[in-house]
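# A look at the structure
One-letter residues, chain by chain:
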Amino acid sequence: MRVIAGTARRLLLKTPEGLDTRPTTDRIKETLFNILMPALPGAVFVDLFSGSGGIGIEALSRGAQKAYFVENNQKAIACITENLEHTHLTDKSVVLKQDVFSVLRGSIKDTADIIFLDPPYNQEYDRRVLELLQDASFVSGDTLIIVEASIETSFDYVQTLGFVVEREKTYSKSKHVFIRKDEL
């Protein structure tokens, strides 16, 4: 896995050993960041279920001003820390070794411009996160929430939580769902 573009372009990233993480492929990551590019310069980016930190690092490399990395697996935290040092992006990062649900209750102090989550598939973590984000102080009507999920996952429930799906980008086995607060 590598950083695709920006200040850390072409630098290789480490991934945690084992099957607990599913790094986003370069092709899917490139598609995602082509969509996000206009919103990245100066953004506060939150990477939930960070794994190796590859998504948040890509955001920083492409111009985000700050990134929060949220992960509770010790091997993944070590990997994120090493990847941030290798890419020279540590000074723009906040690494939180905590459960995602605990973090969403108050550890993020900046208003988030983009929140990305890639939770374990088919366990309804996405729904639990969105339930907490609906009233989170760091989420505004302008905050873009992106969920990476299995292609079968339904997001029909988001309107009941006060969100709207703006876009869905599907791949062979997964998809990115772009969500915002419904301001109507």
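Before reading further, recall that the structure is shown in the block above.
All of these numbers come straight from a predicted model, not from anything done at the bench.

### Structural notes on the overall build of the protein
Counting its regular elements, the protein contains 5 helices and 7 strands. Order of helices (α) and strands (β) in the protein, N terminus to C terminus: α-β-α-β-α-β-α-β-α-β-β-β. Rg of the C-alpha trace for the protein: 15 Å, near the compact-globule value of 16 Å for 184 residues, within the 12% margin. Projected onto its principal axes, the C-alpha coordinates of the protein cover approximately 45 × 35 × 30 Å. Taking all 184 residues of the protein together, the buried fraction comes to 48%. Considering only residue pairs separated by 6 or more positions, the protein has 65% of its internal contacts joining residues 24 or more positions apart. Total accessible area computed for the protein in this model is approximately 8900 Å², and 46% of it derives from carbon and sulfur atoms. For the protein, the centre of its 22 positive side-chain charges and the centre of its 26 negative side-chain charges are spaced 4 Å apart.

### Notes on the pattern of salt bridges
Any two side chains of opposite charge can pair, given that their charged atoms come close. Applying the stated criterion across every chain yields a total of 6 salt bridges. When the shortest N-O distance is used, the salt bridge between E58 and K29 registers 3.8 Å. Note that E58 is positioned in helix α2 (residues 54-61) and K29 in helix α1 (residues 26-36), a separation of 29 residues in sequence. Residues E58 and K29 agree in their burial class; the two are buried. Its salt-bridge partner being E58, residue R62 comes within 2.7 Å of it at the nearest N-O pair. No difference in accessibility class separates R62 from E58, as the two residues are buried. Linked by salt bridges that have partners in common, K29, E58 and R62 make up one network.

### Quick word on the environment of T170
Tracing the chain through its elements places T170 in strand β6 (residues 163-170). For T170, a relative accessible area of 42% gives the class partly exposed. Residues T170 and A149 lie 21 residues apart in sequence; the distance between their C-alpha atoms is 9.6 Å. In this structure T170 touches I151 and K175, once residues within four positions along its chain are discounted.

Rules behind the numbers
Residues numbered from 1 in each chain as written. Predicted model: local features only at pLDDT ≥ 70, side-chain atom pairs only at ≥ 80, totals over all residues. Heavy atoms only, no water. Helix = DSSP H or I, 4+ residues; strand = E, 2+ residues; numbered from the N terminus. Rg over C-alpha atoms; globule rule 2.2 N^0.38 Å. Buried < 20%, exposed > 50% of the residue type's maximum accessible area, 1.4 Å probe, protein only. Contact = heavy atoms within 4.5 Å. Areas by Shrake-Rupley, 256 points an atom, 1.4 Å probe, with all protein chains shown as cover. Lys, Arg positive; Asp, Glu negative; His and termini not counted. Charge placed at Lys NZ, Arg CZ, Asp CG, Glu CD. Salt bridge = Lys/Arg side-chain N within 4 Å of Asp/Glu carboxyl O.

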